[in-house]
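# A structural walkthrough
Single-letter residue listing:
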Amino acid sequence: MYQPWTQVQPIRVYTDGRPEPVDVYQRLINADFGLNIRRTPMLRDFSYLAVDDRGRAAFRAYLSDLLALQTRLEAEPRTLWKVYPEMLEANMNG
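Quick summary incoming for the structure in this document.

Calculation notes
Residues numbered from 1 in each chain as written. Predicted model: local features only at pLDDT ≥ 70, side-chain atom pairs only at ≥ 80, totals over all residues. Heavy atoms only, no water. Helix = DSSP H or I, 4+ residues; strand = E, 2+ residues; numbered from the N terminus. Buried < 20%, exposed > 50% of the residue type's maximum accessible area, 1.4 Å probe, protein only. Salt bridge = Lys/Arg side-chain N within 4 Å of Asp/Glu carboxyl O. Patch = residues over 30% accessible without salt bridge, like charges linked within 9 Å, V, L, I, M, F, W, Y side chains within 5 Å. Areas by Shrake-Rupley, 256 points an atom, 1.4 Å probe, with all protein chains shown as cover. Polar contact = N/O pair within 3.5 Å; in protein donor to acceptor, adjacent residues only side chain to side chain. Contact = heavy atoms within 4.5 Å. Expected span 1.5 Å × (residues − 1).

It is worth spelling out the environment of Leu 69 at this point. Among the secondary structure elements, Leu 69 is positioned in helix 2 (residues 53-75). Given a relative accessible area of 30%, Leu 69 falls into the partly exposed group. Here the alpha-carbon distance between Leu 69 and Glu 86, two residues 17 residues apart in the chain, equals 9.9 Å.

Below, the structure is given as structure tokens:
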């Protein structure tokens, strides 16, 4: 997908000539947006987003686990098939 103008270059062509339903077009735009923006790295303290101390502790525990995993993986030979925590980015779906 190179551009969102589906009336010019449709993502789906129906035999009766009708345009794509709005939901198909919206999914295309959502996917394009989600795949083409820079996001915040996961190896970051998100505890400021918590509404209480329990939530802050959960965010910090998650970050601690990610950092421990990153450290463990860095001690092993680097491989292309592994997903390292440093590669992950935060994302929200509404």
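Let us keep going from here.
On to the pattern of salt bridges. This structure, assessed with the given rule, holds seven salt bridges. The partner of Asp 45 in a salt bridge is Arg 60, and the shortest N-O contact between them spans 4.0 Å. Separated by 15 residues along the polypeptide, Asp 45 in the loop between helix 1 (22-35) and helix 2 and Arg 60 in helix 2 bring together distant segments of the chain. Arg 60 sits in the partly exposed class, given a relative accessible area of 46%. Of the charged contacts, one joins Arg 56 and Asp 53 as a salt bridge, the two residues approaching to 2.7 Å between their closest N and O atoms. Placement of the pair is Arg 56 and Asp 53 together in helix 2, with a separation of three residues, close to one helical turn. By sharing partners, the salt bridges in this structure join Arg 72, Glu 76 and Lys 82 into a single network.

With that out of the way, let us pick up a nonpolar patch on the surface. A contiguous nonpolar patch, built from Tyr 48, Leu 49 and Phe 59 and spanning about 310 Å² of accessible area, is present on the exposed surface. Note on placement: Leu 49 falls in the loop between helix 1 and helix 2.

Right, let's talk about the side chain of Lys 82 for a bit. Looking at where Lys 82 falls in the secondary structure, it is placed in the segment after helix 2. Using a relative accessible area of 13% as the deciding quantity, one classes Lys 82 as buried. Here Glu 76 takes part through its side chain, which lies 2.4 Å from a polar atom of the side chain of Lys 82. With sequence-adjacent residues up to four places away left out, Lys 82 is seen in contact with Leu 73, Glu 76, Pro 77 and Met 87.

Further remarks concern helix 2. Residues lying three or four places apart along an α-helix face the same way, a consequence of the helix completing one turn every 3.6 residues. Given a rise of 1.5 Å per residue, 23 residues ought to cover 33 Å, and the 33 Å separating the end C-alpha atoms of helix 2 matches this to within 8%. Within the sequence span of helix 2, burial applies to Leu 63, Leu 66, Gln 70 and Leu 73. The residue sitting at the N-terminus of helix 2 and contributing the capping side-chain oxygen is Asp 52; that oxygen lies 3.3 Å from the backbone nitrogen of Arg 54.

Looking at the secondary structure, you find Tyr 84 in the segment after helix 2. What makes Tyr 84 buried here is its relative accessible area of 1%. Once the C-alpha coordinates of Tyr 84 and Thr 71 are considered, the two residues, 13 residues apart in sequence, prove to be 9.6 Å apart. Contact partners of Tyr 84, with chain neighbours within four places excluded, come to Gln 70, Leu 73, Pro 77, Arg 78 and Thr 79.

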